[in-house]
Amino acid sequence: SKRIQLFSPARSHELHLFPDAHPRARKSQIDFELSTHAPTPDLDLTLVPGDSLFIPAFWIHHVEALSASVSLNVFSEAPAWTAAERLLQLPTPA
């Protein structure tokens, strides 16, 4: 089984994410196992064998294995991601 903690994109500043140029880009600088100041998740749940979970684009997650387990990630195009990608390709206004 696994404990999954989900955080809204609106709360990303609370997680102290490494910047995109850093080797640990978009990962939290908080040690969730040791910190007494970790933010409270928006959703905290436990998955058991056979469960699956859809995590929306830009939601931040922390996973803790509670027993031996295997994970499988499948990524799909999200409308928000595609729109952001197009927006970032536009020329910078002069």
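This write-up is about the structure you can find in this document. Residue indices follow the written sequence of each chain, beginning from 1 at its first position. Thresholds applied to this predicted model are a pLDDT of at least 70 for local features of residues and 80 or more for the giving and counting of side-chain atom pairs; totals over whole chains, interfaces and linings are not thresholded and use all residues. Neither water nor hydrogens contribute to the side-chain values; these are computed over all heavy atoms in the structure.

1. Side note on the pattern of salt bridges
Side chains that differ in charge, positive against negative, can pair when their charged atoms come close.
So, step 1. Here a salt bridge means any side-chain nitrogen of Lys or Arg lying within 4 Å of a carboxyl oxygen belonging to Asp or Glu. Tallying each qualifying case throughout the model produces five salt bridges.
So, step 2. R11 serves as the salt-bridge partner of E14, at 2.9 Å between the closest nitrogen and oxygen.
So, step 3. Buried residues are those whose accessible area, probed at 1.4 Å on protein chains only, stays under 20% of the maximum for their type, while exposed residues exceed 50% and partly exposed ones sit between those limits. On the accessibility criterion, R11 (17% relative accessible area) is buried.
So, step 4. Salt bridges sharing common partners tie together R3, D44 and E64.

2. Some words on the packing of aromatic side chains
So, step 1. When two rings of Phe, Tyr or Trp (its six-membered ring) have centres within 6.5 Å they constitute a pair, described as stacked for plane angles under 30 degrees, edge-to-face for angles over 60, and tilted for the intermediate range. Under the defined criterion, the tally for this structure stands at one aromatic pair.
So, step 2. Relative to F32, the ring of F7 has its centre 5.9 Å away and its plane inclined at 45°; by these criteria the two rings are tilted. Remark: F32 occurs in the loop between β1 (2–7) and β2 (43–47) and F7 occurs in strand β1; sequence separation between them is 25 residues. Taken as a pair, F7 and F32 share a single burial class, namely buried. Only runs of H or I of at least four residues qualify as helices and only runs of E of at least two qualify as strands under DSSP, and these elements are numbered from the N terminus.

3. With respect to the nonpolar core
So, step 1. For the purposes of this section, nonpolar cores are sets of buried Ala, Val, Leu, Ile, Met, Phe, Trp, Tyr and Cys residues that join through side-chain atoms within 4.5 Å. Within the largest apolar cluster, five residues are counted, these being F7, L15, I30, F32 and I60.
So, step 2. Note on definitions: a residue-residue contact is assigned when non-hydrogen atoms from the two residues lie within 4.5 Å. In this view, I30 contacts E14, L15, H16, S35, A38 and P39; residues no more than four positions away in its chain are not counted.

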